[in-house]
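What the coordinates show
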Amino acid sequence: MILILPQNQNMNKVLDIKDLTDSTYVIYLEKNIDFKPGQYITIGIDGYMREYSLYNSPEENHLELLVKQIQNGKLTTRLRKSIGQELIVMGPLGEFIIEENDLNKPFTFIATGTGISPFRSFVKSYDLDYQVIHGIRYANENYGIESFDSDKHILCVSRGEGKFKGRVTDYIKSIKLNPEGMYYLCGNAEMISEVGEILEEKVPLENIRNEVFF
Ligand SMILES: Cc1cc2nc3c(=O)[nH]c(=O)nc-3n(C[C@H](O)[C@H](O)[C@H](O)COP(=O)(O)OP(=O)(O)OC[C@H]3O[C@@H](n4cnc5c(N)ncnc54)[C@H](O)[C@@H]3O)c2cc1C
């Protein structure tokens, strides 16, 4: 039987899965799409479709996703056991990208948890002037740390040891904000709303970009 898929929809094989912590893993997929750093794809198994940011560079010949397994989560539980399976993949999607005109500006990337994913893709793809601020609960959730320059990477650990002990919001309140810089926020809605309010006091709205993982 020949399966005819709608435009912008592919079947991609799961090549490998690597656990980073008890609940978080990287999934490696066959690549048959082009994407821009910062974009996401929608993937599906057994009728459950969910969005995931691309974790690697478009220059590589496979796709990587950083996935947090949600307790009793419909897709993330199935995905973890999916090596060798074909997934439905739709995309690439999303506008959380860096415009060519902005590539020389200073960037502050602010993430919680797996929200670090598009920022790893940015720094693996472009030569940027950046600082990344990553909010996590425990030190072992420092996903992708090896891909960032250590002097440009601030871990904000709320329940363990890190460069900064506390939440991302507390760290942002403690630093001087450059109104000329670009600020990219990715992760949970609460962080994005709280940090967004702080930034908006000093930084023009057009310099702030958000991607909410809901
Ligand atoms: C644009 C976009 C990009 C995204 N990129 C990523 C990514 O790169 N990596 C990633 O891990 N996720 C990402 N997400 C979230 C992802 O799409 C799913 O929502 C998530 O993986 C839950 O899937 P699930 O089917 O296993 O859980 P579900 O069966 O949908 O949820 C089970 C229960 O858990 C709750 N829940 C869902 N997500 C969370 C969470 N994060 N924390 C706590 N409780 C939760 C739900 O409210 C529900 O009650 C992204 C979302 C969007 C919109």
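Residues numbered from 1 in each chain as written. Predicted model: local features only at pLDDT ≥ 70, side-chain atom pairs only at ≥ 80, totals over all residues. Heavy atoms only, no water.

1. Quick word on the sheet that holds strand β12 (residues 208-212)
Pairing is parallel across the open sheet formed by six strands, whose spatial order is β10-β9-β8-β7-β11-β12. With one partner strand each, in any of the chains shown, β10 (164-165) and β12 form the two edges of the open sheet. The pairing of strand β7 (residues 106-112) with strand β8 (residues 129-136) spans seven bridges and is classified as parallel. When the bridges of β8 are listed, alanine 111 appears paired with histidine 134. Of the strands in this sheet, β7, β11 (182-187) and β12 are in contact with helix α4 (residues 189-200), which crosses β11 at around 160°. (Pairing = 2+ DSSP bridges. Helix = DSSP H or I, 4+ residues; strand = E, 2+ residues; numbered from the N terminus. Contact = heavy atoms within 4.5 Å. Axes fitted to C-alpha atoms, helices over the stretch in contact; angles between N-to-C directions.)

2. A short note on α4
Taking 1.5 Å per residue as the helical rise, α4 with its 12 residues ought to reach 16 Å, and the 16 Å between its terminal C-alpha atoms agrees with that figure. Turning to α4, its buried residues number three or more, namely Met191, Ile192, Val195, Gly196, Ile198 and Leu199. The arc enclosing the buried residues of α4, seen along the axis, measures out at 165°, which places them on a common side. Turned more than 90 degrees away from the buried face of α4, the exposed residues are Glu190 and Glu197. Tucked inside the fold, the buried residues of α4 contact β7, α3 (168-174), β11 and β12. Capping the start of α4, asparagine 188 holds a side-chain oxygen 3.2 Å from the backbone nitrogen of glutamate 190, two or three residues further along. (Expected span 1.5 Å × (residues − 1). Buried < 20%, exposed > 50% of the residue type's maximum accessible area, 1.4 Å probe, protein only. Arc of directions from axis to C-beta. Polar contact = N/O pair within 3.5 Å; in protein donor to acceptor, adjacent residues only side chain to side chain.)

3. A few points about the pattern of salt bridges
In this structure the tally under the stated criterion is eight salt bridges. Notably, a salt bridge pairs aspartate 46 with arginine 78, separated by 2.9 Å at the nearest N-O pair. One end of the pair, aspartate 46, is in the loop between β3 (40-45) and β4 (48-53); the other, arginine 78, is in helix α1 (residues 74-79), and 32 residues separate them in sequence. By relative accessible area, aspartate 46 is classed as exposed at 58%. Residue classification places arginine 78 among the partly exposed positions, given a relative accessible area of 30%. The closest approach of N and O atoms between aspartate 102 and lysine 105, which form a salt bridge, is 2.9 Å. Residue aspartate 102 is classed as buried on the basis of its relative accessible area of 8%. The class of lysine 105 is partly exposed, set by a relative accessible area of 29%. Each of Arg167, Glu190 and Glu194 takes part in a single network of salt bridges with overlapping partners. (Salt bridge = Lys/Arg side-chain N within 4 Å of Asp/Glu carboxyl O.)

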